[in-house]
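A structural walkthrough
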Amino acid sequence: MSTEAGSSSGPTPMETDSKPENMTSKDYYADSYAHFGIHEEMLKDTVRTTTYQNAILRNPQLFKGKSVLDVGCGTGILSMFAAKAGASKVVGIDMSNIIDQAQKIIEANGFKDTITLVKGKLEEAELPIQEFDIIISEWMGYFLLYESMLDTVLLARDKYLKKDGLLLPDVCTMYLAAIEDGDYKEEKIGCRFEKARFVVLNADFEDLVWDNVYGFDYSCIKEVALREPLVDTVDLKAVVTEPFLFKRIDLRTARKEDLTFIAPFQLRATRNDYIHALIGWFDTEFSCLHKPLRFSTGPHAKYTHWKQTVFYLRDVITVSSGEDVTGEISVAPNARNPRDLDITMNYRHEGAAGSVKGDLSFKMS
């Protein structure tokens, strides 16, 4: 995901004194995307960056002589792709202090006359152009919607995009599947010392469980650990069901209200096995291109920095090939912090080994 462009107190001139090298931990707390490491990780994500590069540079007929708005421009990589493809004017907006470095990058690469950077909040900033032919943005977060800028992109669409303008990307789809992951579930729920930020020296972690931590009962931590989704890479061999598409977002027509939703799911087992968790991921599409492009963040695809999101269940579900696990998933921005996500799931299974049903609440924060 690129840097946030819609959560600042207002526009700030590019000639700011808040240089990243002079920032304190307090500054970083409010401006996490000023960390160079975050942008390095995104730039090194070849699936992400190469797909955007191909979508733009392989379609110069769409960009030649056009105006482009880059929402959450970060280090300016998408803005430079657009300028290289022939755009006559590119405006990048970002609220993070990384934009100060982006200005230097743009000047070093000879795009100073084509690309203008604006530092501030999209809702309040004054842009040098009031209508754009194309809006580009890498707004996606973990599980697509965690810490995402989609609401800001939709605002930009309604406020600045021409009637027949293009959005890149323009469609995202969200998926669920079930996995067998008994060993790691036991590690996560039974011994989550890294998440609890404990440091134990010379200890045998295999013998540490929350029920007995050096003679003390930490069992209440189990529920906390269970409610925290895990972002990690899932081995395709662990997937025991077919994937299920539970949400499609068309950026050309989506509304902010559509980002709060309840959707049913049906996961069909592909083999006899056990289910310990559900996983979520998303695909991103550039469907408006002459030759559409897409990339996936699923376990079947090449690694991306988004990985997959794992939701552990209280129950272990025994499934036979062809049996279904059904349920509903609810997704909503957290009321106190819209960057966080509140996710609830209920699930049901009736099969040869018996029946089970349950519900869980998760918070991505």
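Right above here is the structure, for reference.
Each value, and the rule that gives it
- Residues numbered from 1 in each chain as written.
- Predicted model: local features only at pLDDT ≥ 70, side-chain atom pairs only at ≥ 80, totals over all residues.
- Heavy atoms only, no water.
- Phe/Tyr/Trp six-rings, centres within 6.5 Å; stacked < 30°, edge-to-face > 60°.
- Helix = DSSP H or I, 4+ residues; strand = E, 2+ residues; numbered from the N terminus.
- Buried < 20%, exposed > 50% of the residue type's maximum accessible area, 1.4 Å probe, protein only.
- Lys NZ or Arg CZ within 6 Å of the ring centre and 35° of its normal.
- Pairing = 2+ DSSP bridges.
- Axes fitted to C-alpha atoms, helices over the stretch in contact; angles between N-to-C directions.

Describing the packing of aromatic side chains
Note on aromatic pairs: each is described by the distance of the centres and the angle between the planes. Applying the stated criterion to the full structure yields 10 aromatic pairs. Relative to Phe246, the ring of Phe143 lies with its centre 6.3 Å away and its plane at 25 degrees, an arrangement referred to as stacked. Highlighted residues: Phe143 in the loop between strand S4 (132-137) and helix H7 (150-160) and Phe246 in strand S8 (residues 244-250), separated in sequence by 103 residues. Each member of the pair, Phe143 as well as Phe246, carries the same accessibility label: buried. An angle of 75 degrees between the planes, with centres 5.3 Å apart, marks the rings of Phe143 and Phe311 as edge-to-face. Placement of Phe143 in the loop between S4 and H7 and of Phe311 in strand S12 (residues 308-319) is noted, with a sequence separation of 168 residues between them. Exposure class is identical for Phe143 and Phe311. Each is buried. Put simply, the rings of Phe143, Phe246, Phe261, Phe311 and Phe362 touch in pairs and so form one group of aromatic residues. In this arrangement the basic side chain of Lys247 is found over the ring face of Phe261, its NZ or CZ atom lying 4.5 Å from the centre.

Focus on the sheet that holds strand S14 (residues 341-351)
Spatially, 4 strands are ordered S9-S13-S14-S15 in an open sheet, and the strand pairing comes out antiparallel. Looking at the sheet topology across the chains shown, the edges are occupied by strand S9 (261-268) and strand S15 (354-364). Neighbour-to-neighbour, the strand axes of this sheet turn through a mean angle of 15 degrees, independent of strand direction. Pairing between S14 and S15: 11 bridges, direction antiparallel. Bridged to Ile343 within S15 is Phe362.

These figures come from the coordinates and say nothing about function on their own.
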